[in-house]
Structures are given as structure tokens and as C-alpha cells.
Amino acid sequence: MRVTMRVSPTERRRLAVRAGLVLLAVSASAPAPGQSRAVREAVRDVIVAAREKDPTGFLVAARKAIAKGDRKAVEEVVERFGDLVETADFGPEFYYRFHNDAVRLLAKSDQPEAVVELKRQLERSRRWQSRLLVLDVASLNPGLDVLESAFKALDDKAPQVVRRSLKYLRHIDTAFEEFNARLAALDRVLERYLEIDDDRKFRGGEWDRTRLAFATALKGILEVSLATAVDYQNYLSARRDRSDLFDPVEARGDGSTRVTLFGTEVTGKNIAFVIDVSGSMLATDKVKLEPPPETGRTVVRGSKEERELIRERIESRRRITRARRELAKVVRALPDDIRFNIVAYSSDVRPWKKELVACSDKNRKAALEYIEKLEAAGVTVTDLAIEEAFADLDVDTVFLITDGAPTHIGASGRDRPTDADTLIRVIHERVRVLNFLRDVRIFTLGFPDAEEEFLKRLSGDNSGTYAPIR
């Protein structure tokens, strides 16, 4: 018995679309000629795991898929990684760990065909997350040249990938032995910086961060801080034939007035000043009492007036006083195009504002009033203060001023807090997660008794510098 079904034109079109999608999915997962059955099955599992947003299943299948160094399998793993992280709702910590797991997995794919495919994916993969993945793989995979990969990534259309390339290129002054090779590498970095700094299409948050990354990289290479790409171009043009071009020299400006915080140049467009106001900030640093302060008049030794002048000199060297005075100086001098916030912390965290604000006359006045009222008391919850600074996603630069080890319980006498080592490890790991794709620069400044090794590493790992306050 024949049964005839009547299908409307609309339903026929819907069924045709569904059939087309099925064929497209099948063709996308079709095995490459010559693949073993095990590889074909593993590649299919990779595709399914990515579609179902299953990172654990993805890594298990990916390990099997690329075990033989099959080129098509490597392509599928890289491409599907990008698809998965683009569509899944991963938190920053999970994404950071998933990315690193995938990097370590692909770093073992050093067979010739796999290496060829990884090089191709660095330039042609659809998702920037995939291209970033391959760039980090290049730093561990013996079949890839990380500097060659970084120079290719320098031209990427995604600012996140460009910034990551600069992390690998910022040491070209030591990566190349020959002067001419160093100079050629420097020229290439500057060429891309000029393109980004000059073109209006490279505007906005991510590209603004990228310009900062170029300036930071060039400052590290040439030991000079300049305002724009053109300034660096002019500086290099006048010195490119000098044999001491890459030798450490005293940093010199471009002729404009520089704003400094305890001698550290204040740069960035969206700045969080994080200031320690714990009880130890009441300490007074070394004071020179002789000769008496210059007053313009004769001061009798042992007099009430001299004692008052000495008390003033001692108070001026109190750490909290010095920090308030220096921060107020910076706030008064910040350019109008800067946005900023102040995060004070001791036993708790007390931000001035919930988020960055424009550097207007009104906000400067309010900030100065906030700074003037800061008092020192309590312990040093540096970890929570850094979390607060990173909570504003627009922040591109952090200046951390402190005088002691991170602690939630305090110290007994002059003993180091017992929780300091644990908190330091937590901070380093947490900042790696928070700063994985944001590339916030962290500059640290430490009074005497500060944990200098901690501050040096925190700034060094995050494109900043450490400066002792003496």
C-alpha cells in the first residue's frame, strides 16, 4: 500500500536546509585520505567535544588525534580549539588552564607534517584564539622557531596576538648576537608600531593596550622612554650606526615634562594607583638631622624652634606622609586624557571610586581630599587589593606602593608573617590568570622592609619595573 505525504513548500525548504547542514557537518568531519581508523575516530571525537563544549573530552581526543603527527588531525585540533573557546562561557581561570593544557599537548607534535601544519595555522586559522595557541606552542615545540613565529604574529589582525608576539620579541637585543640582526629585528618591530600608531582603525581599548605594549617593548630594548612611534623612529634614525645602540644608557625623555611617582615614570591611559596604608606605613625612614633645615633665618640650637623643625623633618619622612605627598603630586600633574582610580588597602580594601574616572578638575580635587584623609593602620591584604584593581576591566596599568609582605594575620615583632609565602604564591598565580589576555602592566615601588623579590617578580612578569623607595 502506497502512502502519499503532502509536504508544504515551507516544510520542503526547512527539510532541505536541515539536509544541507547535515551534509556540511559530515563533509567537515570527513577523514583525510590515508588517515588510520584510530586517527579518524579521534578527530571525530575532537569535533564532537568542541561542538558540545566539553574541554576535558576535547583534550583526551586531541591527544589521540595528533599522536601520529597527522597534518589534518593537527589542523582539526587547532581549529576546533578556537571554536570551543569562542563559543563556550569559560571563566578566566578555566580558559587560562585549558589554553596551557592545549599548548603542552601540541608542543609534543614535532613530526615534520605536524610542524608544517602548525606554521600554516599560525597565519591562516580562523580564530585568533587558535593563532594565539600556536604562537605559545612555538615557544615549547622544538620544531618551531619562536622568534620566527613571533615576527609572523606581529602582523596579526587581533591585538591579543600582536601583544603576545611582543612578549617574545622584547628581548631581541640579547636574542641576536650580531648587531645587524638586532637592528633588522628592531626595525621590524618599529615598522609595525608605526603602522598601528598612525592608523585610525587601530583605536579602542585592545589596540590602546597594544600601543602601550609596543612602547614598553621598545623602552626595554633601547633603554629610553619616548611618547610615540615617530619619536622612536627619529631616535633610531639618529643613532642606528652607533655600535653602543643596544648598550644600557640613562633613559632620556623626548623633551616633554614627565610625571613620576617616586622616580618611576607614570605612563598608561587607564591607571590604578594601589597604595598600602597598613600600620607599618607609620614607620619613619632614615632622617638627616644635620645640618638643620634651611629656613632663611638663624635657628638657635636646642631651642623650641629647632625642636619643632626636627619634628617636622621626622614627620616628613614617615612613609604614609611620603606616599600621600607623592601621590598627590602625581594626581595634580596627570594629563587630562588619563583615567585613574586609587585603591587604598590595609586590613580591607577601600577604593576611592568603583571604577576609573576622567582626570577632570573636579575629580582631581576629590582625589586629593581622599589622599589627604588616608591613615595607616591594620595588616597588608595585598592580594585583595590587586583583585580590586583588576576588577575594572579598563585598567591597563597598575602602580603598587607598599612597605611589607602580604599578610592577613600580621607579624609578631619583626618576624615575617607566617602566611606571607602562601599569599605571595597565590598572588603570582592569580595575576597570571587575571592578566592572561589583558596584558595589564604592573609597576611596583617598595619602601624599606618591602618584599623586594616578590615585587621584582610581580613587575617583571607583567611588563613593568620595580623601584626601591629610599
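One can find the structure itself at the top, above this paragraph.
Residues numbered from 1 in each chain as written. Predicted model: local features only at pLDDT ≥ 70, side-chain atom pairs only at ≥ 80, totals over all residues. Heavy atoms only, no water.

S.K.: Give a detailed account of helix α7 (residues 128-138), specifying residues and quantitative values.
M.R.: Counted residue by residue, α7 has ten buried out of eleven residues, so it is predominantly covered. For α7, the set of buried residues is Gln129, Ser130, Arg131, Leu132, Leu133, Val134, Leu135, Asp136, Val137 and Ala138. As for α7, its buried residues are in contact with α4 (71-87), α5 (92-107), α6 (112-124), α8 (146-153) and α9 (159-169). (Buried < 20%, exposed > 50% of the residue type's maximum accessible area, 1.4 Å probe, protein only. Helix = DSSP H or I, 4+ residues; strand = E, 2+ residues; numbered from the N terminus. Contact = heavy atoms within 4.5 Å.)

S.K.: Now, about the nonpolar core: what can you tell me, with residues and values included?
M.R.: Within the largest apolar cluster, 76 residues are counted, with the highest numbers of intra-cluster contacts made by Phe58, Leu106, Leu186, Val189 and Leu222. Considering every element that reaches this core, the biggest residue donor is helix α12 (residues 205-222), with eight residues. When residues no more than four places from it in sequence are discounted, the contact partners of Val189 are Phe151, Leu154, Leu166, Leu169, Ile172, Phe214 and Leu218. (Core = buried A, V, L, I, M, F, W, Y, C linked by side-chain atoms within 4.5 Å.)

S.K.: I'd like to hear about the environment of Asp197, residue by residue, with values.
M.R.: Among the structural elements, Asp197 can be located in helix α11 (residues 179-198). Residues in contact with Asp197, not counting those within four places in the same chain, are Arg203, Arg211, Thr228 and Ala229.

S.K.: Residue-level account of the pairing of strand β3 (residues 270-276), with values.
M.R.: For β3, the tally of buried residues reaches seven of seven residues, placing the bulk of the element in the interior. Direction of pairing for β3 relative to strand β4 (residues 339-345): parallel, over a ladder of seven bridges. Across the sheet, the residue bridging to Val274 is Val343, located in β4. Note that β3 and strand β7 (residues 397-402) share five bridges and pair parallel. Looking at the pairing, Ala272 lines up with Val398 of β7. (Pairing = 2+ DSSP bridges.)

S.K.: Tell me what's going on with the packing of helix α15 (residues 319-333) against helix α16 (residues 361-372), and back it up with residues and numbers.
M.R.: For the pair α15 and α16, the least separation of the axes is 10 Å and the interaxial angle reads 180 degrees. Regarding the angle of α15 to α16, the classification is roughly antiparallel. From α15, Arg324, Leu327, Ala328, Val331 and Arg332 reach across to α16, where they touch Arg364, Ala367, Leu368, Ile371 and Glu372. The class makeup of the residues in the contact of α15 with α16 is six nonpolar, no polar and four charged. (Axes fitted to C-alpha atoms, helices over the stretch in contact; angles between N-to-C directions. Parallel < 35°, antiparallel > 145°, perpendicular 65-115°, else oblique. Nonpolar A, V, L, I, M, F, W, Y, C, P; charged D, E, K, R; others polar.)

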